[in-house]
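The residues making up each chain are set out below.
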Amino acid sequence: MNILLLGSGGREHALAWKLRQSPSLRGTLYAAPGNPGIAEEAELVALDVTDHGAVIAFCQARAIGLVVIGPEAPLVDGLSDALRAAGVPVFGPSKAAAQLEGSKGFTKDLCARAGIPTAGYVRTASLEDARAALARFAAPYVLKADGLAAGKGVVIAETLADAEAALADMFGGSFGAAGAEVVIEEFMVGEEASFFALTDGTAILPFGSAQDHKRVGDGDVGPNTGGMGAYSPAPVLTQALQAEVIEKIIRPTIASMADAGTPYSGVLFAGLMLTAEGPKLIEYNARFGDPECQVLMMRFEGDLAAVMLACATGTLAPGQPMGWNPETALTVVMAAEGYPGTPEKGGAVALGESEADGAKVFHAGTALQDGALVANGGRVLNVTATGANVTEAQAKAYAAVDKIDFA
Ligand code: AMP
Ligand code: GLY
């Protein structure tokens, strides 16, 4: 089977690395657009993922047996629907099912209908409605642009005045069309953790847990980012809590999507708050997390291509045995100066002997300039290692970071 992987970040490098080790690949792994790290695992091709016809033509010409879609934008844009209509198996949900990530209001309404534990909420479609709705909540106010906003569409306002100002910004277009609707939520208190499940629309296969680190600076300081590091598993998500999450959150979600005639397939990434009343859903993503995927792939020992194909073709066996390294995996994101604002590009990157002691360096934002590796984005490298526990994995990851020469 030939496989086409779409995306260009550290998440996709980790997926490429693991797909490459899959016994059921038995063909060529293509990636578009990829990056220099992915190029070590796959044949890079130039494809415009917004041109669905071009992607389909490529798949037909190269006998692609599975397309793996890494990021959310092509999912919300309906690429998987176009491919499925053309008979190409796809790992990733349909446009209708990807609304679980693409519309916060859609997900909150589904939770309300299915009795899924989550924060109380109101959907608002105008500044006037939103300001009036604030009276039903107490500080801190949680305000969310409804649509995709590259992880930046959530504001937690400490005072009513800050909340009103943030609402004015959102309805004023600071998040573009994503802010045409705003969800206002109750503030939840607890520890956050992420849980991943694979599904073919019916069967559910738990696929591990992780916790990420959102602020840019060491010591949990500075602005929020897409994620500066992660580890897996999340010790706080015990077996008992995972079982509760599956029964109270994941299973009713998959069942509701199927009942609505829009079955969800692919990976469902649940952001959870572990509150005093039990786990509650913060949000869903319709794809793997970045950098959570890197630590999951570091631990996963099964045949990734086979299990993704089973999700794509409705043949996932829920009890399918899959190997996981019981150790903890931890990844440290090395970012360019300026991130999460405007990162500096073009700085030389020398990986040296960073992988000598079992660490793995995933490329997130690199490019080749005259044959030399340079920084080409905010998050540049994901330096990943395993250890007996978080502390040991962290020490190994930082030991590898120290061998990398990158300003
Ligand atoms: P989201 O993009 O929905 O995951 O939200 C981003 C971050 O905002 C989450 O990771 C939480 O830290 C925080 N957050 C979102 N919703 C809530 C909530 N209802 N209560 C408390 N914190 C929240
Ligand atoms: N690291 C969080 C995300 O991928 O959404």
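The structure this text deals with has already been given above.
Notes on the structure in this doc start here. (Residues numbered from 1 in each chain as written. Chains lettered and ligands numbered in written order. Predicted model: local features only at pLDDT ≥ 70, side-chain atom pairs only at ≥ 80, totals over all residues. Heavy atoms only, no water.)

Among the 11 residues that make up helix α1 (residues 10-20), 10 are buried, leaving the element largely enclosed by the rest of the structure. Those residues of α1 not exposed but buried are G10, R11, E12, H13, A14, L15, A16, W17, K18 and L19. (Buried < 20%, exposed > 50% of the residue type's maximum accessible area, 1.4 Å probe, protein only. Helix = DSSP H or I, 4+ residues; strand = E, 2+ residues; numbered from the N terminus.)

Relative to strand β19 (residues 372-375), strand β18 (residues 366-369) is paired through four bridges, and the arrangement is antiparallel. Counted as the bridge partner of T366 is A375 from β19. Here β18 folds back onto β19, and the loop between the two strands holds two residues, one of which, D370, carries a positive phi near 50°. (Pairing = 2+ DSSP bridges.)

As a further point, take the site of ligand 2. Around ligand 2, the surrounding shell consists of D212, G226, F269, N285, R287, G289, D290, P291 and E292. Between ligand 2 and the protein, one listed contact pairs a nitrogen atom with a backbone N or O atom of G226 at 2.9 Å. Measuring from an oxygen atom of ligand 2, one finds a backbone N or O atom of D290 at 2.9 Å. The fraction of the free accessible surface of ligand 2 (200 Å²) that becomes covered by protein chains is 83%. Residues of the shell around ligand 2, tallied by class, amount to two nonpolar, three polar and four charged. (Near = heavy atom within 4 Å. Polar contact = N/O pair within 3.5 Å; in protein donor to acceptor, adjacent residues only side chain to side chain. Areas by Shrake-Rupley, 256 points an atom, 1.4 Å probe, with all protein chains shown as cover. Nonpolar A, V, L, I, M, F, W, Y, C, P; charged D, E, K, R; others polar.)

All right, on to the nonpolar core then. Core analysis: the biggest nonpolar cluster contains 45 residues, and L4, V67, L83, I250 and L272 have the highest contact counts within it. With residues near it in sequence (within four places) discarded, V67 still touches L4, L6, C59, L83, V88, P89, V90 and F91. L29, A31, F288 and V295 belong to the second-largest nonpolar core, a separate cluster that totals 42 residues. (Core = buried A, V, L, I, M, F, W, Y, C linked by side-chain atoms within 4.5 Å. Contact = heavy atoms within 4.5 Å.)

Quick look at the packing of helix α6 (residues 104-114) against helix α9 (residues 239-259) now. Closest axis-to-axis distance for the α6/α9 pair is 10 Å, and the angle between their directions is 100°. The angle between α6 and α9 falls in the class roughly perpendicular. Residue-level inspection shows F106, L110 and A114 of α6 in contact with α9, the latter providing P252, T253, S256 and M257. By residue class, the composition of the contact of α6 with α9 is five nonpolar, two polar and no charged. (Axes fitted to C-alpha atoms, helices over the stretch in contact; angles between N-to-C directions. Parallel < 35°, antiparallel > 145°, perpendicular 65-115°, else oblique.)

Inspection of the region around ligand 1 gives 15 residues, with E185, E186, M188, E192 and E283 positioned closest. A distance of 2.9 Å separates a nitrogen atom of ligand 1 from a polar atom in the backbone of E186. In the environment of ligand 1, an oxygen atom lies 2.9 Å from a nitrogen or oxygen atom belonging to the side chain of E283. Of the residues in the shell around ligand 1, the class split is eight nonpolar, no polar and seven charged.

Moving on: the packing of aromatic side chains. In this structure the tally under the stated criterion is nine aromatic pairs. Each ring, one from F196 and one from F269, has its centre 4.6 Å from the other, and the planes form 35°; the classification is tilted. In this pair, F196 sits in strand β10 (residues 191-199) while F269 sits in strand β13 (residues 266-275), placing the two residues 73 residues apart along the sequence. For the pair F196 and F269, a shared accessibility class is recorded, and that class is buried. Seen in terms of ring centroids, F207 and W324 are 4.9 Å apart; in terms of plane orientation they differ by 70°. Their pairing is edge-to-face. Of this pair, F207 sits in strand β11 (residues 204-217) while W324 sits in the loop between α11 (304-313) and β15 (328-335), placing them 117 residues apart in sequence. Its relative accessible area of 0% is what places F207 among the buried residues. On the basis of relative accessibility, which here comes to 22%, the residue W324 falls in the partly exposed class. (Phe/Tyr/Trp six-rings, centres within 6.5 Å; stacked < 30°, edge-to-face > 60°.)

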